Structure formats: structure tokens, C-alpha cells
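Structure at a glance
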Amino acid sequence: MKTTRSENHPSAAEGYLDGQLLVAMPVMSDPRFARSVIYMCAHSEEGAMGLIINQRASHISFPDLLERLDIIPADGEGGGVDRMSIHVGGPVETGRGFVLHSADYFVDESTLPIEDGVCLTATIDILKAIASGHGPNRALLALGYAGWSPGQLESEIQANGWLNCPADPDLIFDPDLEGKYARALAKIGIDPSHLVSDAGHA
């Protein structure tokens, strides 16, 4: 008997983490993900994709990026160009930009709604909108992303590499990057210092 997709495809509540935060455990051996908080944009049997939301890109500023893309920002404070920082989204396709943002900005066939009013757009149009002062109310720009092949993320979670918790826009878009790791752990009910001191104990 053939099994339909609905019978064998678990929902997000049954194990898929899109729209949630992935939080690195202290035992994370990959330095690219040490103390990282990742917003999961997609997760299915085909793999997973997310953006690190607590690592700032020190090598480039938003005005520099606009200049490289020949985008001329609006005069004055309207665009908030000087206040926009760029994040390291992950080690895959580091030359490509991704914008997590509030749902007040939406372009058909370009914007992917994820969960709780958080959307993803990866076109140059949203950068032009931000530069002109017509972008979303809240936005996080990242270069590159974190990607996992089918079953890879599940294996890493099983090996205690990651914890996960519900996301909320206030944490995602908070400019205080240094505090995001502790805040994400607190959402799970974990004191970071307690976690570190007990790491490796039964």
C-alpha cells in the first residue's frame, strides 16, 4: 500500500525546527559556530538552512556594501544606513546577502514568510528599499548562511551539539549581539555558567 506524504512527513511540531532558534552547546568544536545562535529559516527531510544572528561582520559596513552594489542611499536619516550592521550568517555562500525582517515588507515570489511575522528576502531590491528609507521596520542583514545536508542537523543535535528553543522577534532583531547567546539559553531555562561548569559531567 502506498503511504501518502501526510502520513510519513512530520510537522514542525514533530521535529522540524524552522522558525526556531538553534543554540550551540559549549562542546561545539567548530569555531565558526562557537556560542552561536542560529535562526532556522528552513528544515525538512531535504536538509536545513539558517542564519547566525549573533556574529557581526567586522570586514564590511552597510554603506560599503551599498557602494559595492552601486546603490545610492537616501540623504538624511530616513534610511538608517549608518545604524544597519552586517552579520556573518554562516560559512556557505559568504558573498550572498540574506535579510531577516518584519512582515511589513513583502514582495511576492521574493519574500519567504517563516513564522511569527519573521520573513526572509534575499534579493537586492530589499537592500535598495532599506537604503531609500522604505525597507522593513526591523531587519537583520547577513552574509552567507549555515546549511545542513539531509539528516546532518539531526545527527548533530543527537550528539549534543545544539539546543533549540522558540524564537521571538525581540531577540532576533536586538542589536545587542553579545547578549543573545545568554538570552537564548535563558529561554530554555539554562544558566550559561552552570552549563559550562557542568559540561562533560554525567
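To start, this report covers the structure provided alongside it.

Procedures and definitions
Residues numbered from 1 in each chain as written. Predicted model: local features only at pLDDT ≥ 70, side-chain atom pairs only at ≥ 80, totals over all residues. Heavy atoms only, no water. Buried < 20%, exposed > 50% of the residue type's maximum accessible area, 1.4 Å probe, protein only. Helix = DSSP H or I, 4+ residues; strand = E, 2+ residues; numbered from the N terminus. Contact = heavy atoms within 4.5 Å. Polar contact = N/O pair within 3.5 Å; in protein donor to acceptor, adjacent residues only side chain to side chain. Salt bridge = Lys/Arg side-chain N within 4 Å of Asp/Glu carboxyl O. Core = buried A, V, L, I, M, F, W, Y, C linked by side-chain atoms within 4.5 Å. Arc of directions from axis to C-beta. 1 Å grid on protein atoms, 1.4 Å probe; cavity = no way out; pocket = protein on both sides within 12 Å on 5 of 7 lines; lining within 4 Å. Points joined across faces, edges and corners; volume = space filled by probe spheres on them. Nonpolar A, V, L, I, M, F, W, Y, C, P; charged D, E, K, R; others polar. Pairing = 2+ DSSP bridges. Phe/Tyr/Trp six-rings, centres within 6.5 Å; stacked < 30°, edge-to-face > 60°.

1. Section: helix α3 (residues 124-131)
Residues of α3 that are buried: I126, L127, A129, I130 and A131. Contacts made by the buried residues of α3 are with α2 (62-68), β5 (92-102), β7 (118-121) and β8 (139-148). G133 occupies a position one or two residues after α3 and carries a positive phi of about 85°.

2. Remarks on the side chain of T111
With respect to the helices, strands and loops of the structure, T111 is situated in strand β6 (residues 111-115). A polar contact of 2.8 Å, which involves the side chain of T111, links it to the side chain of T121. Every residue in contact with T111, bar those within four places of it in the chain, is listed here: H101, Y105, F106, C119, L120 and T121.

3. Notes on the pattern of salt bridges
Close approach of charged atoms allows side chains of opposite charge to pair. Within the structure shown, the criterion is met by five salt bridges. Close ionic contact of R32 with D30 constitutes a salt bridge, the shortest N to O distance being 2.7 Å. What makes R32 partly exposed here is its relative accessible area of 46%.

4. Some thoughts on the nonpolar core
By size, the foremost hydrophobic cluster in this structure holds 24 residues, and its most contacted members are L21, Y39, L51, I53 and L100. Those elements that provide at least two residues to this core are β1 (20-24), β2 (37-44), β3 (47-52), β5, β7, β8, α5 (169-172) and α6 (180-188). If you look at the next biggest cluster of nonpolar residues, it comprises 18 residues, including A57, V81, M84 and V99.

5. A closer look at α6
All of the buried residues along α6 are K180, Y181, A184 and L185. Seen end-on, α6 carries its buried residues on one side only, within an arc spanning 135°. Of the residues trailing α6, G189 is marked for its positive phi of about 95°.

6. Some remarks on the layout of surface pockets
Empty space within the second largest pocket amounts to approximately 210 Å³. Residue lining of the second largest pocket: 19 residues in total, with L65, G95, R96, G97 and L143 positioned closest to the centre. Elements that contribute at least two residues to the lining of the second largest pocket include exactly α2, β5, α3 and β8. Across the lining of the second largest pocket, the residue classes tally to eleven nonpolar, six polar and two charged.

7. As for the pairing of β2
Counting buried positions along β2 yields six of eight residues, so the element is predominantly enclosed. The hairpin turn running from β2 into β3, its antiparallel successor, is two residues long.

8. Topic: the packing of aromatic side chains
Counting across every chain of the model gives three aromatic pairs. A ring pair is formed by F33 and W162, whose centres lie 5.8 Å apart and whose planes are at 70°; its orientation type is edge-to-face. Taken as a pair, F33 in the loop between β1 and β2 and W162 in strand β9 (residues 162-166) lie far apart in primary sequence, 129 residues in all. F33 gets classed as buried once you look at its relative accessible area, which sits at 9%. With 6.2 Å between their ring centres and 80° between their planes, W148 and W162 make a pair best called edge-to-face. Placement of W148 in strand β8 and of W162 in strand β9 is noted, with a sequence separation of 14 residues between them. The class of W148 is buried, set by a relative accessible area of 7%. Judged by relative accessible area, which is 3%, W162 ranks as buried.

9. Overview of the pairing of β3
Most of β3 sits inside the fold, with six of its six residues counted as buried. Of the two faces of β3, both are covered, the one formed by G47, M49 and L51 as well as the one formed by A48, G50 and I52. Relative to β3, β2 runs antiparallel, the two sharing six bridges. Among the inter-strand pairings, S44 is bridged to a residue of β3, identified as G47.

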